[in-house]
Amino acid sequence: MLYMKAQLIIRLILVIIFFNNGPVSGQKIYLSPSGSDINSGAIDKPLATLTGARNKARTFRKNNQTDQPVEIIALNGEYSMLQPLELTVEDSGTSSAPLVFRADDGAKPVFTAGVRVSGFEKVNEKLWKTFIPQVAYYKWYFE
């Protein structure tokens, strides 16, 4: 139950962040479901995860004394989040140079979390079973 509440809160925060599309200039870091976190973050070489984009923004700020905003721009598509996005005071920037998360113009990125469960087999009238690799790997309790 707590996991579902945390997941809902993360989704609400991301909706607020990504639909707040104010005009901003400065460093742009692009994000795409087909990107890679080893890419540069340019429009033609987008990153794949919010964490990768946050890290790129941190590196940019450390290497460049700038008073310009840093934008993380999500391109259209579905993003599967394997971990929550953690932001610290280091990420906040300043009033003249904030860190801004937003969707690309016309894009509607969707961020999902959790594990899709499928492949159920009927054991009896009251019991179904399935194998979930992540439960075995991480030694999670699941019933």
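See above for the structure.
Note that the coordinates shown come from a computational prediction; the quantities given were computed from them, not determined experimentally. (Residues numbered from 1 in each chain as written. Predicted model: local features only at pLDDT ≥ 70, side-chain atom pairs only at ≥ 80, totals over all residues. Heavy atoms only, no water.)

Participant: Before we go on, may I ask you to explain the overall build of the protein in this structure?
Facilitator: A tally of helices and strands in the protein yields 3 helices and 7 strands. When the helices and strands of the protein are read in sequence order from the N terminus, they spell out α-β-α-β-β-β-β-β-β-α. The buried share of the protein, reckoned over its 143 residues, is 29%. Restricting to contacts in the protein with at least 6 residues of sequence separation, those with at least 24 account for 66%. A total accessible area of about 10,100 Å² is found for the protein, and carbon and sulfur atoms account for 58% of it. (Helix = DSSP H or I, 4+ residues; strand = E, 2+ residues; numbered from the N terminus. Buried < 20%, exposed > 50% of the residue type's maximum accessible area, 1.4 Å probe, protein only. Contact = heavy atoms within 4.5 Å. Areas by Shrake-Rupley, 256 points an atom, 1.4 Å probe, with all protein chains shown as cover.)

Participant: Is there a simple way to explain the pairing of strand 3 (residues 78–81) in this structure?
Facilitator: When a strand is regular, its side chains alternate between the sheet's two faces. Judged by which residues are buried, strand 3 turns out to be one-sided: Tyr79 and Met81 face inward and are buried, whereas Glu78 and Ser80, on the alternate face, are not. Relative to strand 5 (residues 110–113), strand 3 runs parallel, the two being bridged by 4 bridges. Following the sheet pairing, Met81 is matched in strand 5 by Ala113. (Pairing = 2+ DSSP bridges.)

Participant: Explain a nonpolar patch on the surface to me, please; I cannot follow it from the model alone.
Facilitator: On the surface, a cluster of nonpolar side chains totalling about 780 Å² of accessible area is made up of Val115, Val117, Phe120, Trp128, Tyr137, Tyr138 and Trp140. The topology assignment puts Trp128 in strand 7 (residues 127–129). (Patch = residues over 30% accessible without salt bridge, like charges linked within 9 Å, V, L, I, M, F, W, Y side chains within 5 Å. Salt bridge = Lys/Arg side-chain N within 4 Å of Asp/Glu carboxyl O.)

Participant: Help me understand unusual backbone geometry in this model?
Facilitator: Peptide bonds are, in most cases, trans, and in most cases residues other than glycine have a negative phi. Even without glycine at this site, Lys139 takes up a positive phi of about 60 degrees. For Lys139, the position within the fold is in the segment after helix 3 (133–138). A relative accessible area of 74% means that Lys139 is categorised as exposed.

Participant: So what exactly am I meant to see when it comes to the packing of aromatic side chains here?
Facilitator: To describe a pair of aromatic rings, one takes the distance between the centres and the angle between the planes. One pass over the structure, following the stated rule, counts 3 aromatic pairs. Ring geometry for Tyr79 versus Phe111: centroids 4.6 Å apart, planes at 10 degrees, classification stacked. Residue Tyr79 is found in strand 3, and its partner Phe111 is found in strand 5; the two are separated by 32 residues along the sequence. Among the residues examined, Tyr79 registers a relative accessible area of 4% and is labelled buried. The exposure class of Phe111 is buried, given its relative accessible area of 10%. When the ring of Tyr138 is compared with that of Trp140, the centres are 5.1 Å apart and the planes differ by 15 degrees; the resulting orientation is stacked. Residue Tyr138 is classed as partly exposed on the basis of its relative accessible area, which comes to 49%. (Phe/Tyr/Trp six-rings, centres within 6.5 Å; stacked < 30°, edge-to-face > 60°.)

Participant: What is the right way to read the nonpolar core from this model?
Facilitator: For soluble globular proteins, nonpolar side chains are generally found buried alongside one another. One finds Ile29, Leu31, Ile72 and Phe111 to be the most contacted residues of the largest nonpolar core, which totals 17 residues. Where this core is concerned, the elements lending two or more residues are strand 1 (27–31), helix 2 (50–63), strand 2 (70–74), strand 3 and strand 4 (99–103). Ranked by residues supplied to this core, first place goes to strand 2 with 4 residues. In this structure Ile72 touches Ile29, Ala53, Arg54, Ala57, Leu99, Val100, Phe101 and Arg102, once residues within four positions along its chain are discounted. (Core = buried A, V, L, I, M, F, W, Y, C linked by side-chain atoms within 4.5 Å.)

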